[in-house]
Each structure stands twice: as structure tokens, then as C-alpha cells.
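Remarks on the overall topology
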Amino acid sequence: MVSACLIGVNCRWNGEKKENKKMSKLFLSGRLIPFCPELLAGFGTPREKVTIDGKDGFEVIKGRGRMVTESGKDCTEKMLEGAKQTAKFAEIVEPDKIYLKAKSPSCGVLADRITGVTAALLKEKNLNLAEVP
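So, here is what we can say about the structure in this document.

Criteria and thresholds
- Residues numbered from 1 in each chain as written.
- Predicted model: local features only at pLDDT ≥ 70, side-chain atom pairs only at ≥ 80, totals over all residues.
- Heavy atoms only, no water.
- Helix = DSSP H or I, 4+ residues; strand = E, 2+ residues; numbered from the N terminus.
- Rg over C-alpha atoms; globule rule 2.2 N^0.38 Å.
- Contact = heavy atoms within 4.5 Å.
- Salt bridge = Lys/Arg side-chain N within 4 Å of Asp/Glu carboxyl O.
- Buried < 20%, exposed > 50% of the residue type's maximum accessible area, 1.4 Å probe, protein only.
- 1 Å grid on protein atoms, 1.4 Å probe; cavity = no way out; pocket = protein on both sides within 12 Å on 5 of 7 lines; lining within 4 Å.
- Points joined across faces, edges and corners; volume = space filled by probe spheres on them.
- Nonpolar A, V, L, I, M, F, W, Y, C, P; charged D, E, K, R; others polar.

1. Regarding the overall build of the protein chain
- Scanning the protein chain from terminus to terminus reveals five helices and eight strands.
- The order of α-helices and β-strands along the protein chain, N terminus first, is β-α-β-α-β-α-β-α-β-β-β-α-β.
- Whereas a compact globule of 133 residues would reach a radius of gyration of roughly 14 Å, the protein chain reaches 14 Å, a difference of no more than 12%.
- By principal-axis analysis of the C-alpha atoms, the protein chain measures approximately 40 × 30 × 25 Å.

2. Considerations on the side chain of Thr 76
- If you trace the backbone, Thr 76 turns up in helix H4 (residues 76-93).
- Sequence-distant contacts of Thr 76, that is, excluding residues within four places in its chain, are made with Val 60, Gly 65, Arg 66 and Met 67.

3. Side note on the pattern of salt bridges
- What the rule picks out here adds up to six salt bridges.
- One salt bridge connects Lys 21 with Glu 19, and the closest N-O pair in it is separated by 3.9 Å.
- The exposure class of Lys 21 is exposed, given its relative accessible area of 65%.
- Looking at Glu 19, the relative accessible area reads 33%, which means it is partly exposed.
- Three or more residues are tied together by salt bridges with common partners; here these are Lys 17, Glu 19 and Lys 21.

4. Focus: unusual backbone geometry
- Omega for the bond connecting Thr 45 with Pro 46 falls within 30 degrees of zero, at -5°, which places this linkage in the cis form.
- With respect to the helices, strands and loops of the structure, Pro 46 is situated in the loop between helix H2 (37-40) and strand E3 (50-53).
- Positive phi, normally seen in glycine, also occurs at Lys 103, with a value near 55°.
- With respect to the secondary-structure elements, Lys 103 resides in the loop between strand E5 (98-99) and strand E6 (109-110).
- If you check the backbone angles, Asn 126 has positive phi at about 60° while not being a glycine.
- Mapped onto the fold, Asn 126 is located in the loop between helix H5 (117-124) and strand E8 (129-130).
- According to the relative accessible area criterion, Asn 126 is exposed, its value standing at 71%.

5. Some remarks on the environment of Lys 73
- Mapping Lys 73 onto the fold places it in the loop between strand E4 (66-69) and H4.
- Between the C-alpha atom of Lys 73 and that of Asn 14, which follows or precedes it by 59 residues, the distance is 17 Å.
- Those residues in contact with Lys 73, other than ones at most four positions away along the chain, are Met 67 and Val 68.

6. Observations concerning the environment of Leu 122
- Structurally, the position occupied by Leu 122 is in helix H5.
- Classification of Leu 122 as buried rests on a relative accessible area of 0%.
- Linking Leu 122 and Gly 57, residues 65 residues apart in sequence, is a C-alpha distance of 11 Å.
- Not counting residues within four places of it along the chain, the set of residues in contact with Leu 122 comprises Thr 86, Ala 87, Ala 90, Ile 98, Leu 100, Leu 127 and Leu 129.

7. A word on the layout of surface pockets
- If you add up the space inside the largest pocket, you get close to 340 Å³.
- Surrounding the largest pocket, 23 residues form its lining, Arg 12, Trp 13, Glu 38, Ser 104 and Pro 105 being those nearest its centre.
- Elements that contribute at least two residues to the lining of the largest pocket include exactly H2 and E3.
- Considering only residue class, the lining of the largest pocket consists of 13 nonpolar, three polar and seven charged.

The values are spatial; any link to function lies outside them.
Take a look at the structure:
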């Protein structure tokens, strides 16, 4: 599985993509399934930028952090729903690896450090998060 923005889908908060050529090549070879937690949660594109008010995605899952739009709207429940839908999808697909967009409050994996709420939930479910090459 791969964050859809990494294969060129314009689904990021600002409507842009963050294509990774290696991920796109793997996708075109039929080896990856794209997903986007924000779209699964019902967010549109473009949308307001979201940040985590708290340490990381684990804190959000535990109820000690929240996710907030630039205008101050709490979107924690909606972002958690996107993470839950992604986890359900992963449990059905049973992927060998899951590649997530770094520096994202939703996906968020930086090397071995998990920052996003989706990454945190997938990690708690012992799903294999992989570093994007």
C-alpha cells in the first residue's frame, strides 16, 4: 500500500502531489495499492492544512492530543476516522509493506519516527510500515 500522493495523485491538503518516482514505478508495475486517509475520512481536496496539537499521532489516538485546521477547527474525530478506515483497508489487503508520506499529520513517518495519526494506528496494529526509498 502507498499514500496516493506519492504516486502522483493530487490529494494533498493543498491539492498538489508529492510524487516519488520509485513509488510511481512500483505502482505502475502493479505492486502497490494507493490510499489516502484524508479522502477516506471524507475530506475534500484542497482543504485547510491540519496540524497536531500535541506530540504525535500516538497522543491523538490516546486522547491526549488533537488535530486542528489552520482556522482552529478541531478535526480530530474525522482524522481518526480516516486512520481507522485505512487500517480496515490494510487488514483486508494484508500488504507486505505500507509506504506513508513523511511530514504529514495524517500519514507521517520520518525514518523510524512515527508522527502521524494513521501511521500510529497502523503501528499499533503491528502492520509493516516501510520507509519510502
